[in-house]
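A structural walkthrough
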Amino acid sequence: FNIDGVRSSYYHFLPGITDVSDRFTLEGIEAVVVCDCGDARRVGDTCYETITQHPVVINIDHHTSNTQFGSFNYVVEDAS
C-alpha cells in the first residue's frame, strides 16, 4: 500500500505498519484524532476529504503555524 505516495516498504521497520491505511470510513467513529499536523491538508488528500466530513476532529500538535483546524485543538508550541 501507499501512504501519500510513499511505499510502505519505507516504513517496514515500524511495528504495526501493516495496520496503517489512508482509506477508512467514518461509520461508527465518534472522533478523529490528528497528531503532528499543523494543517489538516498534511494528512494527505485521501484522509483530508474524509476527516473534513466528521463533526469531531481532535488536533494535537506543536507547530507554531498550526491552523487550529480541529473541533478541539491542543497545540503546545514548545513541545516536541
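Please refer to the structure placed before this passage.
As the structure is a prediction and not an experimental result, all values here were calculated from the model. (Residues numbered from 1 in each chain as written. Predicted model: local features only at pLDDT ≥ 70, side-chain atom pairs only at ≥ 80, totals over all residues. Heavy atoms only, no water.)

Covalent bonding between the sulfur atoms of two cysteines defines a disulfide. This model, assessed by the stated rule, comprises zero disulfides. Cysteine Cys35 shares no disulfide, and the gap to the nearest cysteine sulfur, in Cys37, comes to 8.1 Å. Given a relative accessible area of 47%, Cys35 falls into the partly exposed group. (Disulfide = S-S within 2.5 Å. Buried < 20%, exposed > 50% of the residue type's maximum accessible area, 1.4 Å probe, protein only.)

When you line up the elements, Thr50 lands in helix 1 (residues 45-51). Note on Thr50: relative accessible area 16%, which makes it buried. Separated by 3.3 Å, the side chain of Thr50 and the backbone oxygen of Thr46 make a polar contact. Among all residues touching Thr50, those that are not within four sequence positions of it are Phe24 and Leu26. (Helix = DSSP H or I, 4+ residues; strand = E, 2+ residues; numbered from the N terminus. Polar contact = N/O pair within 3.5 Å; in protein donor to acceptor, adjacent residues only side chain to side chain. Contact = heavy atoms within 4.5 Å.)

Our focus in this paragraph is the sheet that holds strand 3 (residues 32-35). Pairing between the strands of a sheet is mediated by backbone hydrogen bonds and can be parallel or antiparallel. Strand order in this open sheet of three strands is 3-4-5, and the pairing throughout is parallel. Two strands in the sheet have a free side with no partner beyond their single neighbour: strand 3 and strand 5 (72-75). Strand after strand, the sheet turns through a mean of 10° between neighbouring axes, direction not considered. (Pairing = 2+ DSSP bridges. Axes fitted to C-alpha atoms, helices over the stretch in contact; angles between N-to-C directions.)

In this structure, Leu26, Val32, Val34, Cys37, Ala40, Val43, Cys47, Tyr48, Ile51 and Val57 together form the largest nonpolar core, which totals 10 residues. Of all elements in the fold, only strand 3 and helix 1 reach the threshold of two or more residues within this core. Per-element accounting of this core gives the leading share, three residues, to helix 1. Discounting residues that sit within four places of it in the chain, Ala40 has contacts with Tyr48, Thr67 and Phe69. (Core = buried A, V, L, I, M, F, W, Y, C linked by side-chain atoms within 4.5 Å.)

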